[in-house]
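A closer look at the structure
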Amino acid sequence: MLDLAPEAKILILNGCILFVAYWGIYPSLNEKTLNRIMTIDVILTCIAVGVAGALFWGSGIRFNMLFFQSNWAIFTIITLLIMEIPLFLHFARKHGINLFDDTD
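Going along each chain's sequence as written, the residues are numbered from 1 onward. For this predicted model, a pLDDT threshold of at least 70 governs which residues receive local features, and a threshold of 80 or more governs which side-chain atom pairs are given and counted, while totals over whole chains, interfaces and linings are taken from all residues. Water and hydrogen atoms were dropped before computing side-chain values, which therefore reflect all heavy atoms in the structure.

1. Side note on helix H3 (residues 72-94)
Between the first and last C-alpha of H3 there are 33 Å, a value that for 23 residues agrees with the 33 Å anticipated at 1.5 Å per step. Most pronounced at Glu84, the bend in H3 amounts to some 35°, and the proline Pro86 follows within four residues. Any two residues whose heavy atoms approach within 4.5 Å are treated as being in contact. Each helix corresponds to a stretch of at least 4 residues labelled H or I by DSSP, and each strand to a stretch of at least 2 residues labelled E; elements are numbered beginning at the N terminus. Lining the buried residues of H3 we find helix H1 (6-25), helix H2 (34-56), strand E1 (63-64) and strand E2 (69-70). What qualifies as a polar contact is a pair of N or O atoms within 3.5 Å, subject to a donor-acceptor requirement within protein and to the restriction that residues adjacent in sequence count only when both atoms come from side chains. Where H3 starts, the residue carrying a side-chain oxygen 3.2 Å from the main-chain nitrogen of Ala73 turns out to be Asn71. Gly96 sits one or two residues past H3 and shows a positive phi near 65°. Multiplying 1.5 Å by the residue count of a helix minus one yields the expected span of that helix. Note on bend: the value at a residue is the angle between axes fitted to the seven residues ending there and to the seven starting there.

2. Regarding the nonpolar core
By size, the foremost hydrophobic cluster in this structure holds 25 residues, and its most contacted members are Ile10, Tyr22, Tyr26, Ile37 and Trp72. Trp72 has contacts with Ile10, Val49, Ala52, Gly53, Phe56, Trp57 and Phe63, leaving out every residue within four places of it along the chain. We define a nonpolar core as any set of buried Ala, Val, Leu, Ile, Met, Phe, Trp, Tyr and Cys residues linked to one another through side-chain atoms lying within 4.5 Å. Classification of residues uses two cut-offs on accessible area relative to the type maximum, computed with a 1.4 Å probe and protein chains only: under 20% is buried, over 50% is exposed, and between them is partly exposed.

3. Concerning the environment of Leu4
Here Leu4 lies in the segment before H1. Filtering out sequence-adjacent residues up to four positions away, Leu4 remains in contact with Lys9 and Ile12.

4. Quick word on the packing of aromatic side chains
Centre distance within 6.5 Å is the pairing criterion for rings of Phe, Tyr and Trp, where only the six-membered ring of Trp is used; planes under 30 degrees apart are then read as stacked, over 60 as edge-to-face, and the remainder as tilted. Counted under the stated rule, the structure contains seven aromatic pairs. Here Tyr22 and Phe91 contribute two aromatic rings whose centre-to-centre distance is 5.9 Å and whose plane-to-plane angle is 75°, an arrangement assigned as edge-to-face. You can see Tyr22 sitting in helix H1 and its partner Phe91 sitting in helix H3, a full 69 residues away along the chain. In this structure, Tyr22 and Phe91 share a single accessibility class: buried.

5. Let's talk about the environment of Met83
Considering the arrangement of structural elements, one finds Met83 in helix H3. For Met83, a relative accessible area of 27% translates into the label partly exposed. In this structure the C-alpha to C-alpha distance between Met83 and Asn14, which are 69 residues apart in sequence, comes to 7.9 Å. Once you skip the residues sitting within four places of it in the chain, Met83 turns out to touch Leu11, Asn14, Gly15 and Leu18.

This is how it looks when you write it as structure tokens:
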């Protein structure tokens, strides 16, 4: 089995979750609204944090965030957010989701 760096394990986890979200779950929604996507995104973020926690909780491993060190939870959330922003913006543009309209 490959011995990956802890950061790589979380980045792969995040990538898999985002792949399923943006190429499976979100395109299949009947109503593609900001509120609907945000609700599902909270659930997917909890799954990412839960799996990362199962892997690294109590390990004491520090994760390199380039300019600072963090724990597994902060690393998971920040990298998931950074990876998701361009995917979300593309998806919103493609499906006409208005990011500044409160009527969604």
